[in-house]
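# Structural overview
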Amino acid sequence: IGPMDTFPSTPPVVVITAVGRDKPGIIAALARAVLDLGGNLDDATMTRLHGAFATMVVARLPMGKTEADARAALAPVAEEMGLTVTVQSVPDAHSETPPDTLLTVYGADKPGIVHAVASLLAARGINITDMDTRLAGTAESPVYVMLLEAVAGDLDLTDDLAGLRRELGVDISARLLDTEAL
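Numbering of residues starts from 1 in each chain and follows the order in which that chain's sequence is written. The predicted origin of the model limits local features to residues at a pLDDT of at least 70 and limits the giving and counting of side-chain atom pairs to 80 or more, whereas totals for whole chains, interfaces and linings rest on all residues. To get the side-chain values, all heavy atoms of the structure are used, and hydrogens and water are removed first.

## Brief notes about the pairing of strand 7 (residues 142-151)
Side-chain direction in a regular strand flips from residue to residue, so the side chains alternate between the two faces of the sheet. Each pair of strands is called paired provided DSSP finds at least two bridges between the two strands. Under the DSSP-based scheme used, a helix requires at least four consecutive residues in state H or I and a strand at least two consecutive residues in state E, with every element numbered from the N terminus. Across eight bridges, strand 5 (residues 101-108) lies against strand 7 in antiparallel orientation. In the sheet register, Leu103 faces strand 7, and the bridge partner there is Leu148. As consecutive antiparallel partners, strand 6 (residues 127-137) and strand 7 are separated by four residues.

See below:
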């Protein structure tokens, strides 16, 4: 093993996931554990779903620190906050192609909306990079709302979206994202 094999030239990158009952202080505690380890948070998504807290955070660890070090640093937070925490090493993919398309879907809630939209995009080779869904409206008249960011390139989705609009009975549209705003 040569010196380059022993010491990587870029800091290790991990994805930290945490799930548990929502309460104040979770984000602060997770961020503090990473900071105390000497790490830095890159991308993060955090949300509350039916009273449960869920997050995925990409953290860049300092040279010499490992996935196991991050796991050990986060164990007390998991215990204190009642979270299930996982840590997984991932390649540094900061230079991946950013999303360029925003799809919005609105319509009466019914099974199969996510599957139909995601399947269409997958069949066209379009990568979904972010998805957010919500049930809006009232209990008597629920409205399903879905926002998707995707890497579609120069694919024309006009006909595909018109077909989904008819099949699902929803409003669906796509527009280009201003990557500078992301």
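Right, picking up where we left off after that structure.
## Some words on the pattern of salt bridges
Counted as salt bridges are all cases of a side-chain nitrogen of Lys or Arg within 4 Å of a carboxyl oxygen of Asp or Glu. The final tally for this structure, using the stated rule, is six salt bridges. The closest approach of N and O atoms between Arg124 and Asp160, which form a salt bridge, is 2.1 Å. Taken as a pair, Arg124 in the loop between helix 4 (113-123) and strand 6 and Asp160 in helix 5 (residues 158-168) lie far apart in primary sequence, 36 residues in all. Between buried and exposed lies partly exposed: a residue is buried under 20% and exposed over 50% of the maximum accessible area for its type, with that area taken using a 1.4 Å probe on protein chains only. The partly exposed category is assigned to Arg124, whose relative accessible area is 31%.

## Describing the pairing of strand 1 (residues 13-21)
Taken together, the nine bridges between strand 1 and strand 3 (residues 52-60) define a ladder with antiparallel strand orientation. The residue bridging Gly20 from the neighbouring strand is Phe53, located in strand 3. Of the pairings in the sheet, the one linking strand 1 to strand 4 (residues 83-90) comprises eight bridges and is antiparallel in character. Considered in strand 4, the bridge of Ala18 is made with Val85.

## Quick word on helix 3 (residues 67-81)
Given a helix with a known number of residues, its expected span is that number minus one, times 1.5 Å. For helix 3, which comprises 15 residues, the first-to-last C-alpha distance of 21 Å matches the rise-based estimate of 21 Å (1.5 Å per residue) to within 8%. Along its length, helix 3 shows its largest kink, about 35 degrees, at Leu74, and proline Pro76 lies within four residues downstream of that point. Of the residues making up helix 3, those classed as buried are Ala70, Leu74, Val77, Ala78 and Met81. The inward-facing, buried residues of helix 3 abut strand 1, helix 2 (26-36) and strand 4. Two axes enter the definition of the bend at a residue: one is fitted to the seven residues ending there, the other to the seven starting there, and the bend is the angle between them. Between two residues, a contact is recorded if the distance between any of their heavy atoms is within 4.5 Å.

## With respect to the sheet that holds strand 8 (residues 170-176)
With antiparallel pairing, the four strands of this open sheet are ordered in space as 6-7-5-8. The two strands at the open ends of the sheet, each matched to only one other strand, are strand 6 and strand 8. Adjacent strand axes in the sheet meet at a mean angle of 15 degrees, parallel and antiparallel pairs treated alike. As judged from the seven bridges shared by strand 5 and strand 8, these two strands associate in the antiparallel manner. In the strand pairing of strand 8, Val105 is matched with Ile172. Comment: axis = line fitted to C-alpha atoms, over the contacting stretch for helices; angle = value between 0 and 180 degrees taken between N-to-C directions.

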